[in-house]
Amino acid sequence: MNIFGRHTFFVFIFLLSMAVGMAQPRHYDGIDVSHYQGVIDWKQVKQDSLIQFVYIKATEGKTFRDPRYKRNIREARKQGLKVGSYHFFHMSSSAREQFNNYKKMVKKSEQDLIPMIDVELACSKKRGCFLDNYNAGNEKHREAMVKRLRELADLMEEYYGCRPIIYCALPSYGSIIKGNFDDYPLYVGNYRDKKVKIKNCYIWQYSSNGCVRGISSENNNPKVCDIAAFYNGCRLADITIGTAKTPNEKKAAKLRRSSAKPKVPRKSEGTKSKHSS
């Protein structure tokens, strides 16, 4: 290898390592996948000891059903992975229609994790933030979005026996989630360097460019997926059916634990320590 070739090689390796480092921090706790990830080798995914949870796309709107869902949920569970299912929310159909679509696909017996509702707005500087034909900047439209999302969340909670977690990126959070769903666990997508200060955020999705073993294209090249980490001290039990708690329930439990701790009596100012001279 000549000097120029050697120099180019090392520059390439340096840039590659920088790109990988920026795309994926060292720690993550879970992933979410859909048919976009193709045929997943769940046996290889299981070998990644960092992965504690997997959310799998099941449905969207009132009619769409992910063509890979049944295989994904079956094979992931076969490997012993903790799984949950998510629905991509729309305003073009009613809450009841969307719930019926989700209910037909997502069996209670196949779920380890609380249901998830994916709420994503399309935003631009010129048009603002929209969900289908509803403008989040329009008060009536925004109220309609909140109402329908709450109706869907209520239907899921009633049927599955637990409050769903809501996925949202920052535009969705600021437009319709904040102030309206403060007692719901959130799964927040934020790909910036710094984490966001959202008290009811349970999971932080920090990258859409994660590389996980077992998720690859047909020619065996890595295929990216969304990766996320627990946030605000949350853990697997907080999103597991049977042990999950709402933000208010978690806050109350924390207060009970702190009040139950024995109080250490404070020494009076006149009392000398045995180590005092």
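As a convention, each chain's residues are numbered from 1 in the sequence order in which they are written. In keeping with the predicted nature of the model, local features appear solely for residues at pLDDT of at least 70, side-chain atom pairs appear and are counted solely at 80 or more, and the whole-chain, interface and lining totals rest on all residues. Only heavy atoms go into the side-chain values, all of them from the structure, while hydrogens and water stay out.

Visitor: Can you walk me through the overall build of the chain in this structure?
Guide: Secondary structure elements follow DSSP: runs of H or I of four or more residues count as helices, runs of E of two or more count as strands, with numbering from the N terminus. A tally of helices and strands in the chain yields seven helices and 12 strands. For the chain, with 277 residues in total, the buried portion stands at 43%. The contact criterion used is simple: two residues touch if any of their non-hydrogen atoms lie within 4.5 Å. A separation of at least 24 residues holds for 65% of the contacts in the chain among residues at least 6 apart in sequence. Counting every atom, the chain has about 16600 Å² of accessible surface; 52% of that belongs to carbon and sulfur. Relative accessible area decides the class of each residue, using a 1.4 Å probe on protein chains only: under 20% of the type maximum gives buried, over 50% gives exposed, and in between gives partly exposed. Accessible surface area values rest on a Shrake-Rupley calculation with a 1.4 Å probe, where residue burial reflects the displayed protein chains alone.

Visitor: What's the story with the layout of surface pockets in this structure? I'm lost.
Guide: Picture a little ball the size of a water molecule; that probe, rolled over the atoms, points out where space is still empty. A cavity here means a set of 1 Å grid points, computed over protein atoms only, where a 1.4 Å probe fits but cannot escape. A pocket is an open set with protein on both sides within 12 Å along at least 5 of 7 lines, and lining residues have an atom within 4 Å of a point. Grid points are joined across faces, edges and corners, and a volume is the space filled by probe spheres set on the points. For the largest pocket, the calculated volume is near 670 Å³. Lining the largest pocket are 24 residues, with Lys 199, Asn 232, Pro 247, Lys 250 and Lys 251 sitting closest to its centre. When residues of the lining of the largest pocket are traced back to their parent elements, those giving at least two are strand S11 (201-210) and helix H7 (247-260). Ranked by residue count, the leading element in the lining of the largest pocket is H7, at seven residues. By volume, the second largest pocket is sized at about 380 Å³. Around the second largest pocket, the lining comprises 21 residues; the ones closest to its centre are Tyr 86, Phe 88, Asp 118, Glu 120 and Asp 226. For the lining of the second largest pocket, the secondary-structure elements that each account for two or more residues are strand S1 (30-33), strand S2 (53-60), strand S4 (83-88), strand S5 (116-119), strand S9 (165-169), helix H6 (170-177) and strand S12 (225-230). Ten residues, namely Ala, Val, Leu, Ile, Met, Phe, Trp, Tyr, Cys and Pro, are considered nonpolar, four, namely Asp, Glu, Lys and Arg, are considered charged, and the remaining ones, Gly among them, are considered polar. Of the residues that constitute the lining of the second largest pocket, the class distribution is 11 nonpolar, four polar and six charged.

Visitor: Explain the packing of helix H4 (residues 95-105) against helix H5 (residues 139-160) to me, please; I cannot follow it from the model alone.
Guide: The description of two helices packed together rests on the angle between their axes and the distance between the axes. At a minimum axis distance of 9 Å, the contact between H4 and H5 shows a crossing angle of 35 degrees. The two elements H4 and H5 meet at a crossing, and its hand is right-handed. Touching Ala 95, Arg 96, Gln 98, Phe 99, Tyr 102 and Lys 103 of H4 are Arg 148, Glu 151, Leu 152, Leu 155, Met 156, Tyr 159 and Tyr 160, all from H5. Looking at side-chain class alone, the contact of H4 with H5 contains eight nonpolar, one polar and four charged residues. An axis is simply a line fitted to the C-alpha atoms; with a helix, the fit covers only the stretch in contact. Between two such axes, the angle follows the N-to-C directions and lies from 0 to 180 degrees. Left-handed describes a crossing whose near helix is turned anticlockwise from the far helix through less than a right angle; right-handed describes the clockwise counterpart.

Visitor: How should I be thinking about a positive patch on the surface in this particular structure?
Guide: Together, Arg 235, Lys 245, Lys 254, Arg 256 and Arg 257 make up a region of like positive charge exposed at the surface. Note on placement: Lys 254 falls in helix H7. Lys 254 gets classed as exposed once you look at its relative accessible area, which sits at 58%. Patch construction takes residues with relative accessible area above 30% that form no salt bridge. Like charges are linked within 9 Å, and nonpolar side chains (Val, Leu, Ile, Met, Phe, Trp, Tyr) are linked within 5 Å. In what follows, salt bridge is the name for a side-chain nitrogen of Lys or Arg lying within 4 Å of a carboxyl oxygen of Asp or Glu. Residues scored as charged are limited to Lys and Arg (positive) and Asp and Glu (negative), so that His and the chain ends carry no count. Positions of charges follow a simple convention, taking NZ of Lys, CZ of Arg, CG of Asp or CD of Glu.

Visitor: Would you explain the sheet that holds strand S8 (residues 134-135) in this entry?
Guide: Across a sheet, paired strands are connected by hydrogen bonds in the backbone, their directions being either parallel or antiparallel. Two strands are said to pair when DSSP picks up at least two bridges between them. Read across the open sheet, the three strands follow the order S6-S7-S8; overall the sheet is antiparallel. For this open sheet the edge positions go to strand S6 (122-124) and S8, each flanked by a neighbour on one side alone. As defined by bridge partners, strand S7 (residues 128-131) adjoins S8 across two bridges and the pair is classed as antiparallel. In the strand pairing of S8, Leu 131 is matched with Tyr 134.

Visitor: Would you explain the packing of H5 against H6 in this entry?
Guide: At a closest axis distance of 10 Å, the pairing of H5 and H6 adopts a crossing angle of 95 degrees. On the basis of their axis angle, the class for H5 and H6 is roughly perpendicular. Contact residues: H5 offers Arg 142, Met 145, Val 146 and Leu 149, while H6 offers Ser 175, Ile 176 and Ile 177. Here the contact of H5 with H6 is built from residues that sort into five nonpolar, one polar and one charged. An angle below 35 degrees is treated as roughly parallel, one above 145 as roughly antiparallel, one from 65 to 115 as roughly perpendicular, and anything else as oblique.

Visitor: Honestly, the environment of Gly 174 in this entry has me stumped. Any pointers?
Guide: When you line up the elements, Gly 174 lands in helix H6. Between the C-alpha atoms of Gly 174 and Ala 136, which are 38 residues apart in sequence, the distance is 9.7 Å.

Visitor: Help me out: how do you make sense of the nonpolar core in this one?
Guide: Soluble globular proteins: nonpolar side chains tend toward being buried together. Grouped together as the largest cluster of nonpolar side chains are 73 residues, with contacts concentrated most on Ile 31, Phe 53, Tyr 55 and Ile 239. Among residues more than four places away in sequence, those in contact with Ile 239 are Phe 53, Tyr 55, Asp 112, Leu 113, Ile 114, Ile 165, Tyr 202, Ile 203, Phe 230 and Ala 244. Among the buried residues, those of types Ala, Val, Leu, Ile, Met, Phe, Trp, Tyr and Cys that are joined through side-chain atoms within 4.5 Å form a nonpolar core.

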